[in-house]
Amino acid sequence: MSNPYLLLTPGPLSTTSTVKEAMLKDWCTWDHEYKAIVEQIRLQLLEVGCASKEHYTALFMQGSGTFGIEATIGSVIPSNGKLLILQNGAYGKRIEEIANVLKIPHLSLVFEANTQVDPQAVERKLVEDKAITHVAMVHCETTTGILNPLEAVMDVIKRNNRIAIIDAMSSFGGIPIEVEQLQIDFIISSANKCIQGVPGFSFILCKRDELIKCKGKARSLSLDLYDQWETMEKDAGKWRFTSPTHVVHAFAQALKELDEEGGVEARHARYRTNQQIVVEELTQAGFTAYLPRELQSPFITTFLYPTHIPFAFEHFYNFLKSAGFVIYPGKLTDANVFRIGNIGDVHAKDMERLSEQILRYVGVTKYEN
Ligand SMILES: *Cc1c(COP(=O)(O)O)cnc(C)c1O
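Not measured: the values here are computed from a predicted model. (Residues numbered from 1 in each chain as written. Predicted model: local features only at pLDDT ≥ 70, side-chain atom pairs only at ≥ 80, totals over all residues. Heavy atoms only, no water.)

### Describing the UniProt feature "modified residue: N6-(pyridoxal phosphate)lysine" (unreviewed entry) in the protein
When the UniProt feature table is mapped onto this chain, "modified residue: N6-(pyridoxal phosphate)lysine" (unreviewed entry) is found at K193. Residue position: K193 is located in the loop between β9 (186-190) and β10 (201-207). (UniProt positions renumbered as here; feature names shortened; annotations may be inferred. Helix = DSSP H or I, 4+ residues; strand = E, 2+ residues; numbered from the N terminus.)

Here is the structure:
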């Protein structure tokens, strides 16, 4: 069975048929065979993040990526803690919304959507406000596709002895992240992004010492990071409540395929190539990327609505959909933009085909120039 279109969205994304086939069996959540798979993927995730099992541990949370973020924010910040949220897009803003709902003391450092988080500004804030205990940042802000300077920000957070919570939803597995070397305390991603599984759970890599301190601190029963982990540890791979068994199987297959592809480095190279093709070809077709090249991540690119042709997003979207590609609307309040994701089971030839269709849309072919 083939799909009617390729998803050029940052999750859910196009998955391989083998990942989808892994969901064709029904599994018991507490059977040892199933739990062994859970244990195995927990270890594999530590490898993907270059973290030792001595100092780090991986756990899962049912639900989409936001559930993993909310579980982490709600479980790790003590009642006398204070969270600094670094924002340059909608996902950073979402962390602020979570802190608001959970009534967690917080403040935000907000940067323009087309500007990276500035590590020096973060340092000034940490020096100035000693009450801050935790810092949260989005690695790749999917709103625009901007990649924030993770290494430099982690350096500031650690030199100032704070706890780091990183939303690496759209980057983990698609770009090398040295979780242990950077001393990231909590890093969150989900099944349906760069690992190329299907939606259904998020996962969190946690520094063991910090996770242990979270016992009894959660502001929610089901979104309790420590409790979930404790059950997974004690009962070797058991989730507290019904686990998404089919999704877990698809995920195990996706991790196998990540390895077969050559690991994170190889996947990163493929995504980079995909993204470069999109930017080059669309630029040739008269489109302008919202961000300068050096700030673009290899996952998703934002383009301004073109002015050289009459343009209505709906029309463009429908044209591309009937040609076999689903793109992503924009999410900026101050600019009219659309986005093209290039993660998932998509390859250079798909990006070339997309570009041809876009050129066709614009009414010129590459060969005419
Ligand atoms: C996808 C994504 C999320 C989570 O979104 P869900 O819709 O809950 O899966 C969070 N942060 C970033 C940066 C994302 O790209």
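### Concerning the UniProt feature "binding site: substrate" (unreviewed entry) in the protein
What UniProt calls "binding site: substrate" (unreviewed entry) maps, in this numbering, to R339. Within the secondary structure, R339 sits in strand β14 (residues 337-341). Those residues in contact with R339, other than ones at most four positions away along the chain, are T142, T143, I300, T301, T302, I327, Y328, P329, G330 and K331. A distance of 3.4 Å separates a polar side-chain atom of R339 from the backbone oxygen of T143. (Contact = heavy atoms within 4.5 Å. Polar contact = N/O pair within 3.5 Å; in protein donor to acceptor, adjacent residues only side chain to side chain.)

### Topic: the packing of aromatic side chains
Applying the stated rule across the entire model yields 20 aromatic pairs. Taking the centre distance of 5.3 Å and the plane angle of 5° together, the rings of F60 and W239 count as stacked. Within this pair, whereas F60 is found in strand β2 (residues 56-62), its partner W239 is found in the loop between α8 (225-234) and α9 (245-261), the two being separated by 179 residues in sequence. As far as burial versus exposure is concerned, F60 and W239 are alike and both buried. (Phe/Tyr/Trp six-rings, centres within 6.5 Å; stacked < 30°, edge-to-face > 60°. Buried < 20%, exposed > 50% of the residue type's maximum accessible area, 1.4 Å probe, protein only.)

### Re the sheet that holds strand β8 (residues 163-167)
Picture the strands of a sheet paired through backbone hydrogen bonds; they go either parallel or antiparallel. The seven strands are arranged β2-β10-β9-β8-β5-β3-β4 in an open sheet whose pairing can be described as mixed. Each of the sheet's edge strands pairs with one partner strand only, and the pair in question is β2 and β4 (106-110). The average angle at which neighbouring strand axes cross in this sheet is 20°, direction not considered. With five bridges joining them, strand β5 (residues 134-138) and β8 adopt parallel strand pairing. Across the sheet, V135 pairs through a bridge with A164, a residue of β8. Docked against the sheet, helix α4 (residues 90-101) engages β3 (83-87), β4, β5 and β8, running at close to 155° with respect to β3. (Pairing = 2+ DSSP bridges. Axes fitted to C-alpha atoms, helices over the stretch in contact; angles between N-to-C directions.)

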